[in-house]
Amino acid sequence: MAGTINKVILIGHTGDEVKMHYFEGGNSIGRFPLATNEEYTNRTTGERVSNTEWHNIVVRNKAAEICEKYLKKGDKVYIEGRLKTRKWTDDKGLERYSTEIQCVDFTFLTPKGEGQQQSNTPTQSSQPIQSSQPAQQPPSTPSQTSPAEDVDDLPF
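Residues numbered from 1 in each chain as written. Predicted model: local features only at pLDDT ≥ 70, side-chain atom pairs only at ≥ 80, totals over all residues. Heavy atoms only, no water.

Observations regarding the packing of aromatic side chains
Using the criterion set out here, one finds two aromatic pairs in the structure. With centroids separated by 6.3 Å and ring planes inclined at 50 degrees, the aromatic side chains of tyrosine 70 and phenylalanine 108 adopt a geometry described as tilted. Taken together, the residues span a long stretch of sequence, with tyrosine 70 in helix 1 (residues 61–70) and phenylalanine 108 in strand 6 (residues 95–108) at a distance of 38 residues. Judged by relative accessible area, tyrosine 70 falls into the buried class, the value being 11%. Classification of phenylalanine 108 as buried rests on a relative accessible area of 2%. Pairing phenylalanine 106 with phenylalanine 108 gives two aromatic rings, centres 5.3 Å apart and planes at 25 degrees, and the pair type is stacked. You can call phenylalanine 106 buried: its relative accessible area is 0%. A connected cluster of aromatic rings, assembled from ring pairs, spans Tyr70, Phe106 and Phe108. (Phe/Tyr/Trp six-rings, centres within 6.5 Å; stacked < 30°, edge-to-face > 60°. Helix = DSSP H or I, 4+ residues; strand = E, 2+ residues; numbered from the N terminus. Buried < 20%, exposed > 50% of the residue type's maximum accessible area, 1.4 Å probe, protein only.)

Structural notes on the confidence of the model for the protein
In the predicted model, the protein carries a mean pLDDT of 80, and the fraction of residues at 70 or more is 72%. Averaged pLDDT values for the elements of the protein fall to 46 in helix 2 (residues 147–150) and rise to 97 in strand 1 (residues 8–14). Overall, residues 117–150 carries pLDDT values under 50, and its contacts beyond four positions in sequence, including any with other chains, amount to 37 contacts. (pLDDT = per-residue confidence, 0-100. Contact = heavy atoms within 4.5 Å.)

Some details on the nonpolar core
Ranked by size, the top nonpolar core spans 19 residues in total, and within it Ile57, Ile79, Phe106 and Phe108 carry the most contacts. For this core, the secondary-structure elements that each account for two or more residues are strand 1, strand 3 (28–41), strand 4 (48–60), helix 1, strand 5 (76–89) and strand 6. Among residues more than four places away in sequence, those in contact with isoleucine 57 are Leu10, Gly30, Arg31, Phe32, Leu34, Ile79, Ile101 and Cys103. (Core = buried A, V, L, I, M, F, W, Y, C linked by side-chain atoms within 4.5 Å.)

As for the environment of asparagine 37
Positionally, asparagine 37 belongs in strand 3. Measuring from C-alpha to C-alpha, the distance between asparagine 37 and asparagine 51 comes to 5.6 Å, with 14 residues separating the pair along the chain. Among the polar contacts made by the side chain of asparagine 37, one reaches the side chain of threonine 52 at a distance of 2.8 Å. (Polar contact = N/O pair within 3.5 Å; in protein donor to acceptor, adjacent residues only side chain to side chain.)

As for the pairing of strand 4
Across a regular strand the side chains alternate sides, sitting on one face of the sheet and then on the other. Taken together, the 13 bridges between strand 3 and strand 4 define a ladder with antiparallel strand orientation. Residue pairing across strands places glutamate 39 opposite serine 50, the latter belonging to strand 4. Linking two consecutive strands that pair antiparallel, namely strand 3 and strand 4, is a turn of six residues; a positive phi of about 75 degrees is found at glycine 46 within it. Both strand 4 and strand 6 contribute to a ladder of three bridges, which runs parallel. Residue asparagine 56 lies in a different strand from strand 6, and its bridge partner there is glutamate 100. (Pairing = 2+ DSSP bridges.)

Digging into the side chain of glutamate 100
Summarising the element assignment, glutamate 100 is placed in strand 6. One polar contact links glutamate 100 to arginine 86, side chain to side chain, over a distance of 3.0 Å. In contact with glutamate 100, other than residues within four places in its own chain, are Arg31, Asn56, Val58, Arg82, Leu83, Lys84 and Arg86.

Given below as structure tokens:
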């Protein structure tokens, strides 16, 4: 194989609000944790086992602002992106590594109004939005035709 692929697809629940960081020049980064769950039955005990994996999600610029506005803690979201490992030095001088998902596309999956609301005022907590794809138009309805006109003239 000539090329390589670094692609991650996750569907999970947000573990916190989106934390925004703004930079000179108007750029911004949003970060939030995402939980995915795996459930299976232990073959020896028959017990149901559930494991939660936490992922660090990073979104940039306009997509980050959209996430900050609409994503709330506990909302379900589809994330597409790539893995990125950063190396940094902590306060004690130790080298640390952090693996993140650099988000390139997302779709909010929690229906509007079903998210965990932080206040009693109605909000637009989660509406389906895709960051990099245009809104899909509903299929056009065929014009009114008689049943005789509906028949294909294909020989099979």
